[in-house]
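# Coordinate inspection notes
Residues per chain are reported as follows:
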Amino acid sequence: VAGPSILVNGEPGETVSVLDRGFQYGDGIFETIRVADGRPDFWERHMARLASGCERLRLPAPDGDLLRCEAGQLCEASRAGVLKIVVTRGIGGRGYRLPEKADPTRVVALFAAPGYPESFVREGVRARFCRARLSDQPMLAGLKHLNRLDQVMARGEWSDETIQEGLMCDAANNMIEGTMTNVFIVRGGALHTPDLSRCGVLGIMRGIVLDLAQQLGIETEIRAIPRDEMKSAAEIFLTNSVIGIWPVRELEGRDYRLGDVTRKLIEVLARLATD
Ligand SMILES: Cc1ncc(COP(=O)(O)O)c(C=O)c1O
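In this report, the structure presented in the accompanying data block is examined. (Residues numbered from 1 in each chain as written. Predicted model: local features only at pLDDT ≥ 70, side-chain atom pairs only at ≥ 80, totals over all residues. Heavy atoms only, no water.)

## Comments concerning the side chain of Asn182
Note on placement: Asn182 falls in strand β10 (residues 182-187). Engagement of the side chain of Asn182 in a polar contact is seen with the backbone oxygen of Val201, the distance being 3.0 Å. Here the side chain of Asn182 touches Gly203 through a polar contact of 3.2 Å, landing on its backbone nitrogen. Setting aside its immediate chain neighbours within four residues, Asn182 contacts Glu177, Leu196, Val201, Leu202, Gly203, Arg206, Phe237, Leu238 and Thr239. (Helix = DSSP H or I, 4+ residues; strand = E, 2+ residues; numbered from the N terminus. Polar contact = N/O pair within 3.5 Å; in protein donor to acceptor, adjacent residues only side chain to side chain. Contact = heavy atoms within 4.5 Å.)

## Points about helix α6 (residues 204-215)
Residue pairs spaced three or four apart in an α-helix point in one direction, given the helix's 3.6 residues per turn. The end-to-end C-alpha separation of α6 is 17 Å, in line with the 16 Å expected for 12 residues at 1.5 Å each. Turning to α6, its buried residues number three or more, namely Ile204, Met205, Arg206, Ile208, Val209, Leu210, Leu212 and Ala213. Backbone geometry just after α6 places Gly217 at a positive phi near 75°. (Expected span 1.5 Å × (residues − 1). Buried < 20%, exposed > 50% of the residue type's maximum accessible area, 1.4 Å probe, protein only.)

## Quick look at the nonpolar core
Most often, soluble globular proteins keep nonpolar side chains buried together rather than apart. Ile29, Trp43, Met47, Leu50, Leu67, Leu83 and Ile85 are the most contacted members of the largest nonpolar core, which has 20 residues in total. Elements that contribute at least two residues to this core include exactly β3 (28-36), α2 (43-56), α3 (64-75), β5 (80-88) and β6 (105-112). Those residues in contact with Leu50 that lie beyond four places of it in its chain are Ile29, Glu31, Pro62, Leu67, Ile85 and Val87. (Core = buried A, V, L, I, M, F, W, Y, C linked by side-chain atoms within 4.5 Å.)

## Let's talk about the pairing of strand β13 (residues 235-240)
Burial runs high along β13: 6 of the 6 residues are buried. Side chains of β13 alternate between two faces, with Glu235, Phe237 and Thr239 and Ile236, Leu238 and Asn240 buried alike. Here β13 pairs with strand β14 (residues 244-251) via 4 bridges, running antiparallel. Following the sheet pairing, Leu238 is matched in β14 by Trp246. If you look at the hairpin formed by β13 and β14, you'll find 3 residues sitting between the two strands. (Pairing = 2+ DSSP bridges.)

So far we have only geometry, and geometry alone does not tell us how the molecule works.
And the structure:
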């Protein structure tokens, strides 16, 4: 099986310096994008999040046309894959101190599609809660930054291959997100998803689902969702850019229905022309 195709600062290769701040400190940001029929899905949304993330981290953003060109070069021949873009602050600065002028490292890589079974969308997945907590950090909340140890430790909590996702809470026991997904619940026909102003990743698919719900006239509410409230949810589903929407059919041994709201959103998402 061929490995990923990778461009490092525009050149084919797979190495960056050990002095790179991405390696030293996780000082950088990334995007993970679904590729279908040679095109990265929802490109503009991913570029907007990347640009706003760079701004928040005071990191010079890569040129949009350059990224589009490199992504196009890798994706052209791909029927299905996952494109990952990583931007780090590069080499420089003494210790944690920011370099006066950053020289970012830009990595664009195309990986094979993960090949999840169709049944995950059609029938749903099994999920659990993780013990690992997400810590409050409003300064980094929402960002898809490179510090992912919370998720690595959380994912290390289970090896049962029939469990597809682990949900994570904050210190106050509010459910925030999955290790690699955002979480929605349906109550009384309305869609609820956690507020991510203190921790969590502001997912692209989360944004798309919220927009679709609004277009469909489904009421939405973004708020704190206590972990215990998950028990009384009528429907639960997970989102990310690669999987789209996965209904949760079981959480901590409790069964959930694949209900009308989830079904409708899956249907509309499948028909959506990507921007
Ligand atoms: C921790 C975490 N939350 C949420 C998401 C969903 O984000 P997106 O919809 O942009 O893929 C991801 C994606 O990998 C993630 O790793």
